[in-house]
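# Commentary on secondary and tertiary structure
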Amino acid sequence: MRSYTAAMPQLLAVVLLLLGGSVPLQAAADTLRIGGTGAALGMMNRLAAAYRSETAGAEIEVLPSLGSSGSLRALAEGAIDIAVSARALKPKEAEAGLRAAPLSRTPFVMVTSRQDAQPLAAAALAGLYADPKATWSDGTPLRVILRPQSDSDSAFLERHFDGMAKALAKARQRAEVPMAKTDQENIRLATRIDGSLTTATLTQVVSENAAVTVVTLDGVAPTLENLESGRYPFFKELVIARRVDAGPSVLAFLAFVDSPQGRQILRDSGNLPPR
């Protein structure tokens, strides 16, 4: 395992800066560190736990959410060993020595605190976000939760749902609409706010055992079976990245992720592994 203790203390500072100083500097030098988009943390924790049980002496730390771009920056600087991103590498990231491979597809979902949530029409979502008096079909107030404009969930909504760009702009002008900065904060708010409606991924809901209800869109439940058959059209693609000079311990973990056991963990965590 490559060691960063002597040569790169400043690289750990990158992670500290991104996480607001929450990473202990005394972490073991030979620990394999994984960072990434918050949606993938539960899944990566499951993979790490399985790998530890199969590999004598393996030490893996899954860091709190760095986001896709933050984790790729940390990976390029050598502060972490593996990054999980909700987007492909940019040319500059590849030029910096990063390499990425497809990890999984996971349904992009709408979730709510309501246990009896009625199905929604995809074409109606923009109107629900834009209307300060929006309700569920039974008249219960519907309260949307926003993500930052730069977040991949916001971009996904604008790209796949008609009228969503204008609807999100209107919602951001309303002081009462909460803004969740991370995937984990988003789920926490979704569970606490009555009548909530927000975005998520199936992998986060499943792997974190989130106490939310996944909403059916256009009469189709966002299951892996419906995603695989093409009936459910909304999904995010996750990639897993390493440095071009990654050491044997990194490559061994990546091989485990792509093994039959690793691929089953992905599927059990709400993901379709690459074909």
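Description of the structure in this document.

Calculation notes
Residues numbered from 1 in each chain as written. Predicted model: local features only at pLDDT ≥ 70, side-chain atom pairs only at ≥ 80, totals over all residues. Heavy atoms only, no water. Salt bridge = Lys/Arg side-chain N within 4 Å of Asp/Glu carboxyl O. Helix = DSSP H or I, 4+ residues; strand = E, 2+ residues; numbered from the N terminus. Buried < 20%, exposed > 50% of the residue type's maximum accessible area, 1.4 Å probe, protein only. Core = buried A, V, L, I, M, F, W, Y, C linked by side-chain atoms within 4.5 Å. Contact = heavy atoms within 4.5 Å. Pairing = 2+ DSSP bridges. Phe/Tyr/Trp six-rings, centres within 6.5 Å; stacked < 30°, edge-to-face > 60°. Lys NZ or Arg CZ within 6 Å of the ring centre and 35° of its normal. Axes fitted to C-alpha atoms, helices over the stretch in contact; angles between N-to-C directions. Parallel < 35°, antiparallel > 145°, perpendicular 65-115°, else oblique. Nonpolar A, V, L, I, M, F, W, Y, C, P; charged D, E, K, R; others polar.

The next thing to look at is the pattern of salt bridges. All chains considered together, the criterion is met by 13 salt bridges. Between Glu93 and Arg87 there is a salt bridge, with the nearest N and O atoms lying 2.8 Å from each other. Among the ionic pairs, Asp153 bridges to Lys236, the shortest N-O distance being 2.4 Å. In this pair, Asp153 sits in helix α6 (residues 152-160) while Lys236 sits in strand β8 (residues 235-243), placing the two residues 83 residues apart along the sequence. Side by side, Asp153 and Lys236 carry an identical accessibility label, which is buried. Bridged by salt links that share partners, the residues Arg147, Asp151, Asp153, Asp183 and Lys236 form one connected network.

Time to look at the nonpolar core. As a rule of thumb, nonpolar side chains are buried together in soluble globular proteins. Judged by nonpolar contacts, the single largest core of 43 residues is most densely connected at Met110, Leu125, Tyr129, Phe161, Met164 and Leu197. Those elements giving two or more residues to this core turn out to be β4 (98-112), α5 (125-130), α6, α7 (164-172), α8 (183-192), β6 (196-201), α9 (202-207) and α10 (224-229). For Phe161, the contacting residues outside a window of four places in its chain are Phe108, Ala122, Leu125, Phe156, Leu217 and Phe234. Counting 27 residues, the second largest nonpolar core, distinct from the first, contains Tyr51, Ile82, Val257 and Leu266.

Let us now look at the pairing of β4. Of all 15 residues making up β4, eleven are buried, and the element is well covered by its neighbours. Judged from the two bridges that link them, β4 and strand β7 (residues 213-214) form a sheet pairing that is antiparallel. Paired with Thr112 across the strands is Thr213, a residue of β7.

A word on the pairing of β8. Bridge analysis of strand β3 (residues 82-85) against β8 gives three bridges, and the strand direction is antiparallel. Bridge pairing links Val84 to Ile240 in β8. As paired elements, β4 and β8 share nine bridges and run antiparallel to each other. Counterpart to Arg105 in the pairing with β8 is Glu237.

Let us look at the packing of aromatic side chains. Two aromatic rings, taken as a pair, are described by how far apart their centres are and by the angle between their planes. Here the structure, examined in full by the defined rule, presents five aromatic pairs. Here the aromatic rings of Tyr51 and Phe253 are separated by 5.2 Å at their centres, their planes lie at 90°, and the arrangement is edge-to-face. You can see Tyr51 sitting in helix α2 (residues 41-54) and its partner Phe253 sitting in helix α11 (residues 248-257), a full 202 residues away along the chain. The class of Tyr51 is buried, set by a relative accessible area of 9%. Linked through ring pairs, Tyr51, Phe253 and Phe256 together constitute an aromatic cluster. One Lys or Arg, Arg105, reaches over the ring of Phe235 and ends 5.3 Å from the middle of that ring.

Take the packing of α2 against α11 next. Contact geometry for α2 and α11: axes closest at 11 Å, N-to-C directions at 110°. Overall, the two elements α2 and α11 adopt an arrangement that is roughly perpendicular. Contact residues: α2 offers Met44, Leu47, Ala48, Ala50, Tyr51 and Glu54, while α11 offers Ser249, Ala252, Phe253, Phe256 and Val257. When its residues are assigned to classes, the contact of α2 with α11 shows nine nonpolar, one polar and one charged.

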